[in-house]
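Structural characterization, general
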Amino acid sequence: MQPTDPPICTSREMPQPVAVAMCTYQGARFVEAQLQSLQTQTWPTRILVSDDASQDDTIARVSALMRPGVDELTVQPENIGYVQNFQASIGAALNSEAQYIALSDQDDICQNNRIESGMRLLQTLQDQYGSDTPLLVHSDLQLVDAHGQQCHASFFSFRRYRITTQKNLPLILGENGVMGNTILMNRSLATLCLPFPEHLHVHDYWIAVLAELFGQRALQDTPTVDYRLHGHNASNTAHSMQIARRLPELNVTWRKLLERDFKLPFKEDSRLSVLQHLLENESSYPPLTSMQRETLIAFVRYLSFEQPRWRSLQYLLCSGVARSGVRYRLRLCLATLLTRRYGAHSEQAILNESTSQT
């Protein structure tokens, strides 16, 4: 059964549809609800689904809901992973001449004004900065369980994110807070973000960094998406979210004390290679300011462990990349000064420390 048409906007001129780049994989359980929530938005949408070679009923369920002449479904010939699938989906939206692109996961539910409220904010940015400026709008989310029941009214509050609309490059480089399933961007930003760097861990990190460096970002602090947590999310699962809530990033136990095995913030994903890519290919992007370059280089030095431990700790405490809170920062001091987790890098840091003291 086809979903009902979206409500007609009250403006005299029908607004330009937003292309929704939606990625699916083994999503038969929830995909229909998400598709219907996107097709009944108060702003016109055109949904471009890219399926990552699903083996369940996802493709059949999506196909049955496609609006002829409006939505499109592309099936990848083999599994490429969700980051590369989003790259393909954003590329398809650009090839369709879309001027505005929203991103969507397969298992959430969008509130019916998600696109309209985002577009109103995006148009305000565009009036102020122009359409050639990379523009990004994102929002908070409501956490729900597999049955759609509310778990928490605010994802930002649950994860203790500090993000606001004000520009803050260190924060975006570190804890970030831009959730891909709420992203709405203009064509300028979508063009700038492709192709993704190799080994990118999550697409929304890259998009957020580029917007913070070269464009403008606006935050809707009220949720526009019901973020469904279950056992098979591509990024956060219900279990991992509970762990992150209890001990954000720094798990200090007696065993870890004995083994000096402490994970440090931001070091165990692709941030280092992504930012090195950006610095090594500056000519492919808009010019960096001297302050932006210094901020990127300082973060790369920390991620590479190319400095004494005390300097890394000083950087974490003073740069703005790390979370606040006395207990968290005490654990951070302990972990940074004692960890042996990073092998040769940490040993080199110890040697650097000794040299610097002589």
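The present account deals with the structure reproduced in this document. All figures in this text were calculated on a predicted structure; none of them were measured in a lab. (Residues numbered from 1 in each chain as written. Predicted model: local features only at pLDDT ≥ 70, side-chain atom pairs only at ≥ 80, totals over all residues. Heavy atoms only, no water.)

1. Notes on the pairing of strand E3 (residues 72-75)
Examined bridge by bridge, strand E2 (residues 45-51) and E3 share 4 bridges and lie parallel to one another. By the bridge assignment for E3, valine 49 is matched with leucine 73. Each parallel crossover has a hand, and the one from E2 via helix H2 (residues 58-65) to E3 is right-handed. (Pairing = 2+ DSSP bridges. Helix = DSSP H or I, 4+ residues; strand = E, 2+ residues; numbered from the N terminus. Right-handed = clockwise from strand over helix to strand, strands pointing away.)

2. Topic: the packing of helix H13 (residues 309-318) against helix H14 (residues 326-338)
Axes are the key here: two packed helices are described by the angle between their axes and the distance separating the axes. Running from N to C, H13 and H14 point in directions that differ by 155°, and their axes come no closer than 9 Å. Our classification of the angle between H13 and H14 gives roughly antiparallel. Considering only the axes of H13 and H14, their crossing is right-handed. The residues of H14 that touch H13, namely those facing Arg309, Trp310, Ser312, Leu313, Leu316 and Leu317, are Arg329, Leu332, Cys333, Thr336, Leu337 and Leu338. Residues that form the contact of H13 with H14 fall into these classes: 8 nonpolar, 2 polar and 2 charged. (Axes fitted to C-alpha atoms, helices over the stretch in contact; angles between N-to-C directions. Parallel < 35°, antiparallel > 145°, perpendicular 65-115°, else oblique. Left-handed = near helix turned anticlockwise from the far one by under 90°. Contact = heavy atoms within 4.5 Å. Nonpolar A, V, L, I, M, F, W, Y, C, P; charged D, E, K, R; others polar.)

3. Here's the deal with unusual backbone geometry
Cis geometry marks the peptide bond from leucine 194 to proline 195; its omega dihedral reads -5°. Along the chain, the position of proline 195 falls in the loop between helix H7 (187-193) and helix H8 (203-214). Phi angles above zero are rare outside glycine, and glutamate 97 is one such case at about 70°. Inspection of the secondary structure puts glutamate 97 in the loop between helix H3 (82-95) and strand E4 (100-104). Overall, the relative accessible area of 53% leaves glutamate 97 in the exposed class. Positive phi values are uncommon outside glycine, yet asparagine 176 reaches one of about 65°. (Buried < 20%, exposed > 50% of the residue type's maximum accessible area, 1.4 Å probe, protein only.)

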